[in-house]
Every structure is written in C-alpha cells, then in structure tokens.
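These are the residues of each chain, in order.
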Amino acid sequence: MTDIDLTAIEAERDRIRTTYLKDGTPSSARGLHHVAVLCADVERTVRFYQGVLEFPLTEIVGNRDYEGSNHFFFDIGNGNLLAFFDFPGLDLGPYAEVLGGLHHLAISVEPEKWARLRKNLDEAGVEYLEESGTSIYFRDPDGTRVELIADPLGEMYGLKVL
C-alpha cells in the first residue's frame, strides 16, 4: 500500500462538504426501487436471503435482457427491494471489488431483529464481523458483502447522515 496524506484527505473532505453539502434540499428521487446483484444459484440465494435473513421472496420472473436468466426480488422493507439475476451459461468470475462496483449493501433492521438475525447467521455457520454493537458484516453465498445495521434509517453510529 502506498503512503497516503491523511491531512490532505481530511482537507479535501472538508472542501467537498463545504462546497456541496446542501441542508434541506429535497431529492429528485422518491426511494430505492431495487439494487440488482448477480448470483450463481437461484435456490441457494433464496434459501440464504429468505431463510437466514428473513427477507421475503416477492417475485421471480424471466430476465427480459438474457434468455433463460431469472430476475427475482426480496422485500427489504419500506417499499424497497433487493433483486438478483442469475446468468446460466455465462462464465462469471467470483465477486470482486472494482471501481464502479459494489462494496457492500447496508440494510437497516430493527434492533431486536438484528439480534435474531445474528443468531440465524450463527446457526447457518456464516462468519461475520460485528462493529460498534450495531453492525454485522458478512458475505452471502456468492461473496457479496452485506451489512445489517440496527441504527435507524438516516443515522450511522450516532451520526445523522440524512
């Protein structure tokens, strides 16, 4: 890893915050419709997201852009969906973090459900990292990094971000 100038990074962060942070400006968006992630095995993905994480499967349809592919959806609350595609016949590589790619999905859950889902992860043998007593980071069966966060929507570790 190369040396980084933390003072310069903090100064740039402050400059961007001062220049672009807008208090009270309404968004043009009304919410997140869905995030689409790739998977290798539809049933394995359903067993994980519905069985372990308790996100109900809401629909499975053919992918209009790739014949033989499935497009399926899980309810993650507040009218938001987590979607998946499988691409049978394509030789997709393993999950990788790349520029423009996904680092992790952070999904808000109620604190009592967070504790139950942590127990579900334990029972399923899923390794995870617990952070600050409100976040659990783990990987799904295809390597996608997921965070379950018990902080309220719009907050992160006591900081208001919305």
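As shown above, the structure is provided for reference.
Attention in this report is confined to the structure presented alongside it. (Residues numbered from 1 in each chain as written. Predicted model: local features only at pLDDT ≥ 70, side-chain atom pairs only at ≥ 80, totals over all residues. Heavy atoms only, no water.)

This part takes up the environment of Asn-63. Here Asn-63 is to be found in the loop between β2 (57-62) and β3 (70-75). Classification of Asn-63 as buried rests on a relative accessible area of 8%. In the structure, Asn-63 is positioned 24 residues away from Phe-87 in sequence and 9.2 Å away in space, judged by C-alpha atoms. Once residues lying within four places of it in the same chain are set aside, the contact partners of Asn-63 are Ser-69, Asn-70, His-71, Phe-85 and Phe-87. Here the side chain of Asn-63 touches Asp-65 through a polar contact of 2.9 Å, landing on its backbone nitrogen. (Helix = DSSP H or I, 4+ residues; strand = E, 2+ residues; numbered from the N terminus. Buried < 20%, exposed > 50% of the residue type's maximum accessible area, 1.4 Å probe, protein only. Contact = heavy atoms within 4.5 Å. Polar contact = N/O pair within 3.5 Å; in protein donor to acceptor, adjacent residues only side chain to side chain.)

Here helix α2 (residues 42-52) has its buried residues at Val-42, Thr-45, Val-46, Phe-48, Tyr-49 and Val-52. Its side-chain oxygen 3.1 Å from the backbone nitrogen of Glu-43, Asp-41 forms the N-cap of α2. Trailing α2 by a residue or two, Glu-54 shows a phi angle of about 65°, which is positive.

A few words now on the sheet that holds strand β7 (residues 135-139). One open sheet accounts for four strands, arranged β5-β8-β7-β6; its pairing is mixed. Edge positions in the sheet fall to β5 (105-108) and β6 (128-131), since each has one partner strand and no second. The sheet shows a mean angle of 20° between the axes of neighbouring strands, taken without regard to direction. Both β6 and β7 contribute to a ladder of four bridges, which runs antiparallel. (Pairing = 2+ DSSP bridges. Axes fitted to C-alpha atoms, helices over the stretch in contact; angles between N-to-C directions.)

Purely spatial values, then, with no claim about function.
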